[in-house]
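These are the residues of each chain, in order.
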Amino acid sequence: MSAEALRMPRSEFGRAHVHAVAGCYFVASFAALGLPPYLTEILPELGDRDARWAGVLYVVPTVFGALGAPLWGRLADRFGRKRLLLRAQLGLAVSFLLAGWADSLATFTVALVLQGILGGTFAASNGYLGAALEGPALSKALTLMQGSARAALVAAPIVVGSLSGWLSPHRQYALLAVLPLTAALLLAALPEPAPAGQRRREPETAVAKAPARVSLRGLFALEFAFVFSTVISFPYLIELVDERLPGTSPTLTGVLFALPHLCYLVSALTVHSVFQDRPRAGLALGFACIALGLAGHGIAASLPALIAVRLLLGAGLTLGLVCLSVLAADCAKGRSPGRMFGSLELFSKAGAVAAGVTAAAGSVRYGPAAPVLIGGAAAAVTAALLPTLLLRTRWSH
């Protein structure tokens, strides 16, 4: 088959398809991102009166999602990315229904385990996009996917809180199961990307001469370090704000929490245009902003100071996410996308779990400022090690 013929299935995949995938991820992630903050209200209904298991259960879907992501990625390469993406959405729906109707802590825990194992919509969506797109088109699509995640992270807790007046967060799991079901119906209308055996490949000589801007191992290490240094600041931010600014309203605290994510939503596509040809410089700048922003959290003692450091963290978050998307698109060329993005998700979730455990331990021992200082130190060390991690290696298969 000619190279022109192999390109045809990919050229049929347009902007509308990318927006549909991102929109479906946004819809399906509402329960996954909006309900965990309410575990302290859910668990007393299930017999855990003091919600002692909230911290553990918060990371259960992440842990099992990390373990399952590489396997689902390999199966997507073998049996079809669209099929496995639909499986992920339906898996979320099943786990949400079980969580919503659970009448014991054990059953609810099983539901969260199944959410991690059967879900994985982010990795599945990225694998689907990676099979249909490449280069700048893929990195822009990945940037849009991160925008969907940020938008859901901002909006979902607000919606869940608004609904809790007439339906408890526990029962909202069952109600919100309709969202991944709806996403699955919408995704069913999308085309299947070219099978792995028909993906367009450059001639071997061209592939051998095309240097990557980062090794695959380097990308995994950077993903872990980035997620660790940013996520570690999330769990105890509200406690930190209450300590620094006593009497702050919950609304204002929520706005402060959302500021970095809002920065991404406002500026991500512009940052992509500026740094798509220089992702290494953007990533170095991003880690520097994260380090400075988190260090600033440790000394900020006024509302203007907190706003400033949250915006600085937002700049680093945006630069890091966008440039990591560019590097991931770079690494995806010539590789099976399901396997690569599944493995990348493993390291991302591992970073989140490590951040949660470290934040809990640091906060108990040293107070609510400890997580942001640890995260800032991790970002500074990563920035110093970037020349080592960002190795120019040749494509490998």
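Residues numbered from 1 in each chain as written. Predicted model: local features only at pLDDT ≥ 70, side-chain atom pairs only at ≥ 80, totals over all residues. Heavy atoms only, no water.

Draft legend 1. Local environment of the overall build of the protein. When its secondary structure is counted, the protein shows 18 helices and two strands. Taking 2.2 N^0.38 as the reference for a compact globule, 397 residues should give roughly 21 Å; the C-alpha atoms of the protein span a radius of gyration of 21 Å, in line with that estimate. Overall size of the protein, expressed as C-alpha extent along the three principal axes, is 65 × 45 × 30 Å. Within the span of the protein, comprising 397 residues, buried residues form 52% of the whole. For the protein, the exposed surface amounts to about 17,100 Å²; the carbon and sulfur share of it is 67%. The distance from the centre of the 31 positive side-chain charges to the centre of the 19 negative ones in the protein is 9 Å. (Helix = DSSP H or I, 4+ residues; strand = E, 2+ residues; numbered from the N terminus. Rg over C-alpha atoms; globule rule 2.2 N^0.38 Å. Buried < 20%, exposed > 50% of the residue type's maximum accessible area, 1.4 Å probe, protein only. Areas by Shrake-Rupley, 256 points an atom, 1.4 Å probe, with all protein chains shown as cover. Lys, Arg positive; Asp, Glu negative; His and termini not counted. Charge placed at Lys NZ, Arg CZ, Asp CG, Glu CD.)

Draft legend 2. View of the environment of Val-56. By secondary structure assignment, the location of Val-56 is in helix H4 (residues 54-79). Using a relative accessible area of 43% as the deciding quantity, one classes Val-56 as partly exposed. Separated by 301 residues in the primary sequence, Val-56 and Val-357 place their C-alpha atoms 9.2 Å from one another.

Draft legend 3. How the structure looks around helix H6 (residues 105-118). Counted at 1.5 Å a residue, the expected span for H6 with its 14 residues is 20 Å, and the 20 Å between its end C-alpha atoms agrees. When H6 is considered as a whole, its buried residues turn out to be Phe-108, Ala-111, Leu-112, Val-113, Gln-115 and Gly-116. Residues of H6 that are buried make contact with helix H2 (15-34), helix H3 (39-42), H4, helix H5 (81-101) and helix H9 (169-176). Of the residues trailing H6, Gly-120 is marked for its positive phi of about 75 degrees. (Expected span 1.5 Å × (residues − 1). Contact = heavy atoms within 4.5 Å.)

Draft legend 4. Representation of the nonpolar core within the structure. In this structure, Phe-108, Leu-129, Leu-219 and Leu-222 are the most contacted members of the largest nonpolar core, which totals 86 residues. Looking at this core element by element, the count peaks at twelve residues for helix H16 (residues 303-332). When sequence neighbours within four positions are dropped, the list of residues in contact with Leu-219 reads Val-214, Leu-324, Leu-327, Ala-328, Cys-331, Met-340 and Leu-344. (Core = buried A, V, L, I, M, F, W, Y, C linked by side-chain atoms within 4.5 Å.)

Draft legend 5. Quick peek at empty space enclosed by the protein. Taken as a whole, this structure holds three cavities of 30 Å³ or more when the rule is applied. One number sums up the size of the largest cavity: a volume of about 130 Å³. If you trace the largest cavity, you find 16 residues lining it, with Trp-72, Gly-73, Gly-120, Ala-123 and Ala-124 closest to the centre. Mapped onto the lining of the largest cavity, the elements with two or more residues apiece are H4, H5, helix H7 (121-132) and helix H17 (337-366). Within the lining of the largest cavity, the residues separate by chemical class into eight nonpolar, six polar and two charged. (1 Å grid on protein atoms, 1.4 Å probe; cavity = no way out; pocket = protein on both sides within 12 Å on 5 of 7 lines; lining within 4 Å. Points joined across faces, edges and corners; volume = space filled by probe spheres on them. Nonpolar A, V, L, I, M, F, W, Y, C, P; charged D, E, K, R; others polar.)

Draft legend 6. Molecular detail of the packing of H2 against H7. Contact geometry for H2 and H7: axes closest at 10 Å, N-to-C directions at 175 degrees. On the basis of their axis angle, the class for H2 and H7 is roughly antiparallel. Of the residues in H7, those touching H2 at Val-18, Val-21 and Tyr-25 are Thr-121, Phe-122, Ser-125, Tyr-128 and Leu-129. Its residues assigned to classes, the contact of H2 with H7 shows six nonpolar, two polar and no charged. (Axes fitted to C-alpha atoms, helices over the stretch in contact; angles between N-to-C directions. Parallel < 35°, antiparallel > 145°, perpendicular 65-115°, else oblique.)

Draft legend 7. Molecular detail of the side chain of Thr-253. Topologically, Thr-253 is positioned in helix H14 (residues 250-275). Not counting the four nearest positions on each side in its chain, Thr-253 is found in contact with Ile-238, Val-241, Asp-242 and Thr-248.

Draft legend 8. Region of the structure containing the state of the cysteines. As enumerated under the stated definition, the model contains zero disulfides in all. A disulfide-free cysteine, Cys-289 has its sulfur positioned 11 Å from the sulfur of Cys-263, the nearest such atom. Owing to a relative accessible area of 11%, Cys-289 belongs among the buried residues under this scheme. For Cys-323, which is in no disulfide, the shortest distance to another cysteine sulfur is to Cys-289 and amounts to 11 Å. (Disulfide = S-S within 2.5 Å.)

The quantities given are spatial measurements derived from coordinates; they are silent on function.
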